[in-house]
Amino acid sequence: MKPVTKRGILKRRFLGVCLAFLMIAIPAFPAAAAAAEPVVLRVPFPEVPGFTMLDEQGHHYGLVVDYLNEIAKYTGWTYDYISTSGNDMVNDFIDGKYDLMGGTYYAESLEQYFAYPDYSCGSTKSVLLARGDDKSIRGYDYKDLEGKIIGVVERAAEHVRRLEEFLSINGLHCTIRKYGPEEVAAGQIDKDLADGIIDAKLGNITDDTGEFRAVAYIDAQLHYIVAQPDNPEILEQLNWAMSKIMSANPDFSSQLYSKYFDATSARNLLLTDEEWEYVQNKGTVTVAVPSYFHPFYCADTEDGGHDGIVPELLDKINQQYGLEFSYVFADSYAQTLQMVVQGEADMAGFFYNDISDDVQSQLAASAPYSTLTDLIVRNKSVTYPGEDLTCGLLKGRQMPEYARASHIKYYETVYEVLCAVNTGEVDFACGLAAHMEQVMQDNIFNNVVPVSQSETRVEFSFAMPMPADPDLLTIINKGINSLSEKEKIAIVDHNFVSIGESFTTLRQFIEGNPISAVLVIAAFSLILVTAIAIISKMRIQAANMQKAVAKAEAKSKAKSEFFSRMSHEIRTPMNAIVGFSTLLSMMDNVPDDSKEILTKLNTSSQYLLGLINDILDMSRIDSGMLQIASENFSLSLILDEICSIMQAQRKQIKLSSKTSLNHTDLLGDAIRLKQVLMNLLSNAIKFTPAGGQVCLTVEETGADRTKAAYLFSVSDTGVGIAEEDMSRIFESFEQVGSNHSRSQGTGLGLPISLNIVECMGGRLQVKSQPGKGSEFYFSISMPFGEMTKAVPSETVENSFEGMCFLLVEDNVLNAEIASDLLSFEGAQVELATDGVQAVARFLQSETGHFDLILMDVQMPNMNGLDAARAIRASDHPDAQSVPIIALTANTFQEDRDMAREAGMNDFLAKPLDMEQIHIVLQKWLRRKD
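Everything numeric in this text was worked out from a predicted model, so none of it was measured. (Residues numbered from 1 in each chain as written. Predicted model: local features only at pLDDT ≥ 70, side-chain atom pairs only at ≥ 80, totals over all residues. Heavy atoms only, no water.)

Q: Whenever I open this one, the overall build of the protein chain confuses me. Can you help?
A: Looking only at helices and strands, one finds 28 helices and 33 strands in the protein chain. When the 929 residues of the protein chain are sorted by exposure, 49% land in the buried category. Put simply, of all contacts in the protein chain between residues at least 6 apart along the chain, 75% involve residues at least 24 apart. (Helix = DSSP H or I, 4+ residues; strand = E, 2+ residues; numbered from the N terminus. Buried < 20%, exposed > 50% of the residue type's maximum accessible area, 1.4 Å probe, protein only. Contact = heavy atoms within 4.5 Å.)

Pasting the structure below:
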């Protein structure tokens, strides 16, 4: 027991202190305390306005109570508030009657009576600002300022004095750099801070604009919550909790002071290394919310195009710290709290701070992120306020301080609360105004009347299991407190947008408007009868339309089959003509005049084949059957091939190409693209006299991560096109130019090219002047594809020497031609006349006997597609490795696709071209080797 004289001195010294200031902060629970039994601490409770107060229901509140409640979230402490007076409080504390006491100034001579924590609290009047990326000044531990250079305005003597006092009280040694009027006017202090010449600057609260980070708010005096000096365990937990509070929100004291006295501001708070590690390891924080609760969670609804306060706020925390959030849904507010308590979610998305006592002991609230208005509604037969009233509340809340009731009934949802008011089960109800108004808008409550009240504001926070995870609670609090008040208000205002629609059930409408309901039902019956008649008529029309569609589909299918059959039937005799002329050309001792005739015959055959291809293509375009493939190809290889072919046709014309490409490996229809460019180049050469110029230009005009855009252009210095002919050059069978030029084609090249470009997503256009030349150009976009490599062509004499091929062909003439062509190149050819024979010959062969299979598609007994599938499905050692090449007169894209799907490697179209046979066969023979 301390001497009486010393107690008297202390009593006089601290009487004024206890009546003037008390502390505020948000501490946390040490990890070791999580498993410990709850500790009850004795706290003196003098009634001091703003600091320690009692409401009409006997609830403790005020600055000190809020501060101690925040500490309890981290430590798990509970408090026994003991009523006392300012005169007795200090003496009783020294005598050991209390465990904690707030509102105490520091004095070295008093350390024997009071155990001071490491952190102090106070209101702000000036601010220290540092660079946002300077992690050496964390903003919550004043020791970080040791040895720093602080810039001050020389004329701000009072601020400088407070800074020096602040540094002295905290035992800090800093260099103060003073700036004169001219330097201040030139903004030199901000430049030096940005350049790192000084570490911080002293400014007014108005200087906290966000350009620099506020790291300390300076008060004239410091105040402490003290513990008993003979209880180091409590002091240690107090220090730890206060460090977490200050780390999460260095402004907690000023914010709490603002709640009861003054205004405050916010900071951009940095995470510690430990908290960054938590973010990296946590993965995703699960947030429990009702599936719909305006305005907190409205995602994936038609509620005015906003997601809700909770998603928008957590998105900002995610953007600032990288912490990910996902949502789990409940049917009611009370169920969200239960999910958090039971560990099914990490935290609740919103949390009324006027929680009931049973919930308060299980959950810890974060810093409040919003303060919203409550609404009182009453049954229209009741007078509020009144005597002996029953209040309806959402389960999980307690009676708000602003409301008065003798009895309380709890409900799971706000809709149930309003229904209870409407039926008179309860007299009135309290609830969040925004949500209650939304529910009232969506339903009819004829007996519910709003009550105008002031001071019905309620704070909302996130909630976590008690005791809270220290890192998660600290990070969430930092995220909330890093938002300015303006940002928080903007989030709330945006999510107060309502859909402005009311959804009413038939039962609700009848209950609210019985007479109108009868009239509406009668009108509805009349409309229903009319609708049935209209629907019946529409069903008849739909049936007729279905018949028309089926007829059109059958017609389209018939056209497709006709085109395929025509292609096959025309190409089969063409194969004989081209094949025999090729065989004759390959024979020895053929007279020169005969070779000339054979060359002309071959040229005419190729010309006739081109005309057939154009007519078939145009027919497919007219019937809407043109298809664009999607295959990997190299644009640069295609352009090289085109230029090589066209060089041979240039007839004393200068043919050039210009390319500007960043991406050449693409996904598209190389054959159709080549067809368009060849058509355009052929036309340009055809209509350009000797000595003229033709140029192919390809430019990559833009690209993103998945595709690139290209501009293709073919220009010439030819005869040009008259303006009156520009409108008809893309029409079928139309030709312009000289009689000689017009006689060299069907007039289908440009119409076909136009349609192909449109199917690729572009538009073929032309610019021309008579006598000066023309330019045909188009732009298309193509996705990026896989890299393709050029396969060099090897034209070696007897290139198939020693090879054994299986030729599958039912047409005797075609079989003879193909067999002779391959035999001339040294190959051994074995013949099968249908798919059945082909499969049998292959299965009976020894391993490696056949180097390659040439497979016709249309054959009796078993077609080539089924034969290829049977070979691939067999257990023969070569079943997967032997190349199978389709050899067919069916050349449409769907035919090529079916061949690949059946397991064939490549495609040779009839009539056979010896050069193309060399290219395709040598490619697959080299791959097989």
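Q: When you look at the sheet that holds strand E27 (residues 765-769) in this model, what are you seeing that I'm missing?
A: One key point about sheets: their strands pair by backbone hydrogen bonds, in either a parallel or an antiparallel sense. On the basis of which strands lie adjacent, the open sheet formed by five strands has the order E23-E25-E26-E28-E27 and mixed pairing. Each end of this open sheet is capped by a strand with a single partner; those strands are strand E23 (654-660) and E27. Averaged over all adjacent pairs, the angle separating strand axes in this sheet is 15°, with direction ignored. Note: strand E25 (residues 693-703) against strand E26 (residues 707-716), nine bridges, orientation antiparallel. Counterpart to Gly702 in the pairing with E26 is Ala709. (Pairing = 2+ DSSP bridges. Axes fitted to C-alpha atoms, helices over the stretch in contact; angles between N-to-C directions.)

Q: What is the right way to look at helix H27 (residues 893-901) in this model?
A: One turn of an α-helix holds 3.6 residues; hence residues three or four places apart share an orientation. Taken residue by residue, H27 has Gln893, Glu894, Asp895, Arg896 and Ala899 as its buried positions. Phi turns positive, to about 105°, at Gly903, one or two residues after H27.

Q: Just to check I follow, could you spell out the nonpolar core for this structure?
A: The nonpolar side chains of a soluble globular protein tend to be buried, and buried together. Membership of the largest hydrophobic core comes to 99 residues, with the highest contact counts inside it found for Ile71, Tyr79, Leu100, Phe296 and Tyr369. The element that contributes the greatest number of residues to this core is helix H2 (residues 63-75), accounting for eight residues. Here Phe296 is in contact with Asp307, Gly308, Ile309, Val310, Pro311, Phe350, Tyr369, Leu372, Leu432 and Phe460, once residues within four sequence places are set aside. Core analysis: the next-biggest nonpolar cluster, separate from the first, contains 43 residues, Leu680, Leu696, Val714 and Phe730 among them. (Core = buried A, V, L, I, M, F, W, Y, C linked by side-chain atoms within 4.5 Å.)

Q: Is there a simple way to explain the sheet that holds strand E31 (residues 852-855) in this structure?
A: In space, the five strands of this open sheet follow the order E30-E29-E31-E32-E33, with parallel pairing throughout. Each edge of the open sheet is held by one strand with a lone partner, namely strand E30 (828-832) and strand E33 (906-909). Strand-to-strand twist of the sheet, defined as the mean angle between neighbouring strand axes without regard to direction, takes the value 25°. Where E31 lies against strand E32 (residues 884-888), three bridges are found, and the strand directions are parallel. Bridging from a neighbouring strand, Leu854 pairs with Ile885 of E32.

Q: How should the side chain of Ser332 be read in this particular structure?
A: Its location among the elements puts Ser332 in the loop between strand E13 (324-330) and helix H11 (333-341). For Ser332, a relative accessible area of 5% gives the class buried. The residues contacting Ser332, other than those within four sequence positions of it, are Pro290, Glu412 and Thr413.

Q: Is there a simple way to think about unusual backbone geometry in this case?
A: Where the residue is not glycine, phi is negative for most of them; where a peptide bond is considered, it is trans in most cases. Going from His294 to Pro295, the amide bond is cis rather than trans, its omega being 5°. Residue placement: Pro295 occurs in the loop between strand E12 (284-290) and helix H10 (309-321). Even without a glycine there, the phi angle at Asp388 is positive, about 50°. By secondary structure assignment, the location of Asp388 is in the loop between strand E16 (370-379) and strand E17 (390-394). The exposed category is assigned to Asp388, whose relative accessible area is 53%. A positive phi angle is found at Asn861, which is not glycine, with a value near 70°. Within the fold, Asn861 resides in the loop between E31 and helix H26 (864-873). What makes Asn861 exposed here is its relative accessible area of 69%.

Q: Mind showing me how you'd approach the packing of aromatic side chains here?
A: The description of an aromatic ring pair uses the distance of the two centres, along with the angle that the planes make with each other. Tallied over the entire structure, the rule returns 23 aromatic pairs. Aromatic pair Tyr142 and Phe166: ring centres 4.8 Å apart, planes at 80°, arrangement edge-to-face. Of the two residues, Tyr142 is situated in the loop between strand E6 (126-130) and strand E7 (149-153) and Phe166 in helix H4 (residues 157-169); the sequence distance between them amounts to 24 residues. For the pair shown, Tyr142 and Phe166 are each scored as buried. Here the aromatic cluster, defined as three or more aromatic residues joined through ring pairs, consists of Phe293, Phe296, Tyr333, Phe350, Tyr352 and Phe460. Above the plane of the ring of Tyr179 lies Arg177, whose end atom (NZ or CZ) is 4.1 Å from the centre. Sitting above the plane of the Tyr777 ring, Lys767 keeps its charged end 5.2 Å from the centroid. (Phe/Tyr/Trp six-rings, centres within 6.5 Å; stacked < 30°, edge-to-face > 60°. Lys NZ or Arg CZ within 6 Å of the ring centre and 35° of its normal.)

Q: Whenever I open this one, the confidence of the model for the protein chain confuses me. Can you help?
A: Low pLDDT means the predicted atomic positions in that stretch should not be read closely. In this model, the protein chain carries a mean pLDDT of 80, and residues with pLDDT of at least 70 account for 78%. When mean pLDDT is taken per element in the protein chain, E26 scores highest with 95 and helix H1 (residues 4-20) scores lowest with 40. Taken as a whole, residues 1-35 scores under 50 in pLDDT and shows 106 contacts with residues more than four places along the chain or in a different chain. Contacts of residues 738-743 to residues separated by more than four positions or lying in other chains number six contacts, the stretch itself having pLDDT below 50. (pLDDT = per-residue confidence, 0-100.)

Q: Would you mind going over a nonpolar patch on the surface with me for this structure?
A: Taken together, Phe524, Leu528 and Ile532 make up a surface patch of nonpolar side chains, about 310 Å² in accessible area. Secondary-structure assignment places Leu528 in helix H18 (residues 514-586). When its relative accessible area of 43% is taken as the criterion, Leu528 is described as partly exposed. (Patch = residues over 30% accessible without salt bridge, like charges linked within 9 Å, V, L, I, M, F, W, Y side chains within 5 Å. Areas by Shrake-Rupley, 256 points an atom, 1.4 Å probe, with all protein chains shown as cover. Salt bridge = Lys/Arg side-chain N within 4 Å of Asp/Glu carboxyl O.)

Q: I keep staring at helix H21 (residues 670-686) and nothing clicks. Help me out?
A: Taking 1.5 Å of rise per residue, the 17 residues of H21 would be expected to cover 24 Å, and the 24 Å separating its terminal C-alpha atoms lies within 8% of that figure. Taking burial as the measure, the 17 residues of H21 include 14 buried ones, the bulk of the element. Put simply, Asp669 is the residue that caps the front of H21, since its side-chain oxygen is 3.3 Å from the backbone nitrogen of Ile671. (Expected span 1.5 Å × (residues − 1). Polar contact = N/O pair within 3.5 Å; in protein donor to acceptor, adjacent residues only side chain to side chain.)

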